[in-house]
Amino acid sequence: MYRVSDTVRSTHNQDGAIVLDIRQGQMFNLNFVGSRILELLKNGTDESAIVDQITKEFDVSRDIAEQDVREFIHALKEQELVREQGPDGNH
């Protein structure tokens, strides 16, 4: 399970999302798939359920969705936009 940082602000539209990390003063542009993954993370959806959702919504194979979701979450973690969280809500 992952938790989106409290310092992240985002706005989503049909083209994707603009993400601002107010702590670091950095802005990121996400495509529509990245925007959807971030929305699902914000809602507390676990990685496996995100892969299922991306597979359905974007008509891609589970293998491709798994790899893309894993890589995207890894990139978010590197930028400190999300962090891993235990089942009790602690990291």
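Residues numbered from 1 in each chain as written. Predicted model: local features only at pLDDT ≥ 70, side-chain atom pairs only at ≥ 80, totals over all residues. Heavy atoms only, no water.

Enquirer: Hey, could you run me through the overall build of the protein in this one?
Expert: For the protein, the count of helices and strands is 3 helices and 5 strands. When its helices and strands are written in sequence order, the protein yields β-β-β-β-α-α-α-β. Computed over the C-alpha atoms, the radius of gyration of the protein is 13 Å, within 12% of the 12 Å expected from 2.2 N^0.38 for a compact globule of 91 residues. Dimensions of the protein, computed from the C-alpha atoms along their principal axes, are close to 35 × 35 × 20 Å. Of all 91 residues assigned to the protein, the portion counted as buried reaches 32%. Intrachain contacts of the protein at a sequence separation of at least 6 include 42% that bridge at least 24 residues. Per element, the accessible surface of the protein, about 5,700 Å² overall, is 46% carbon and sulfur. A gap of 6 Å separates the mean positions of the 10 positive and 17 negative side-chain charges of the protein. (Helix = DSSP H or I, 4+ residues; strand = E, 2+ residues; numbered from the N terminus. Rg over C-alpha atoms; globule rule 2.2 N^0.38 Å. Buried < 20%, exposed > 50% of the residue type's maximum accessible area, 1.4 Å probe, protein only. Contact = heavy atoms within 4.5 Å. Areas by Shrake-Rupley, 256 points an atom, 1.4 Å probe, with all protein chains shown as cover. Lys, Arg positive; Asp, Glu negative; His and termini not counted. Charge placed at Lys NZ, Arg CZ, Asp CG, Glu CD.)

Enquirer: Help me understand the sheet that holds strand 2 (residues 8–13) in this model?
Expert: Note on sheets: strands pair through backbone hydrogen bonds, and any given pair is parallel or antiparallel. Taken together, the 3 strands give an open sheet; going across it, the order is 2-3-4, and neighbouring strands pair in antiparallel fashion. Each edge of the sheet is formed by a strand with only one pairing partner; in this case those strands are strand 2 and strand 4 (26–30). Strand-to-strand, the axes of this sheet are offset by a mean angle of 15°, without reference to chain direction. Bridge count for strand 2 against strand 3 (residues 16–21) is 6 bridges, and the pairing is antiparallel. Its bridge partner lying in strand 3, Arg9 is registered against Leu20. Lying on the sheet, helix 1 (residues 32–42) is in contact with strand 2, strand 3 and strand 4; it crosses strand 2 at an angle near 130°. (Pairing = 2+ DSSP bridges. Axes fitted to C-alpha atoms, helices over the stretch in contact; angles between N-to-C directions.)

Enquirer: Quick question: what am I supposed to make of the pairing of strand 3 here?
Expert: Within a regular strand, the side chains alternate between the two sheet faces. Once strand 2 ends, the chain turns through 2 residues before running back antiparallel as strand 3. With 5 bridges connecting them, strand 3 and strand 4 associate as antiparallel partners. Across the sheet, residue Ile18 finds its bridge partner in strand 4, namely Asn29. Connecting strand 3 to the antiparallel partner strand 4 that follows it, the hairpin turn spans 4 residues, and Gly25 within it adopts a positive phi of roughly 70°.

Enquirer: Looking at this structure, I do not really get the side chain of Asp21. What am I missing?
Expert: As for its placement among the helices and strands, Asp21 is situated in strand 3. Here Asp21 sits buried without a salt bridge, and the closest side chain of opposite charge, Arg23, lies 4.2 Å off (N-O distance). Among the polar contacts made by the side chain of Asp21, one reaches the side chain of Thr7 at a distance of 2.9 Å. (Salt bridge = Lys/Arg side-chain N within 4 Å of Asp/Glu carboxyl O. Polar contact = N/O pair within 3.5 Å; in protein donor to acceptor, adjacent residues only side chain to side chain.)

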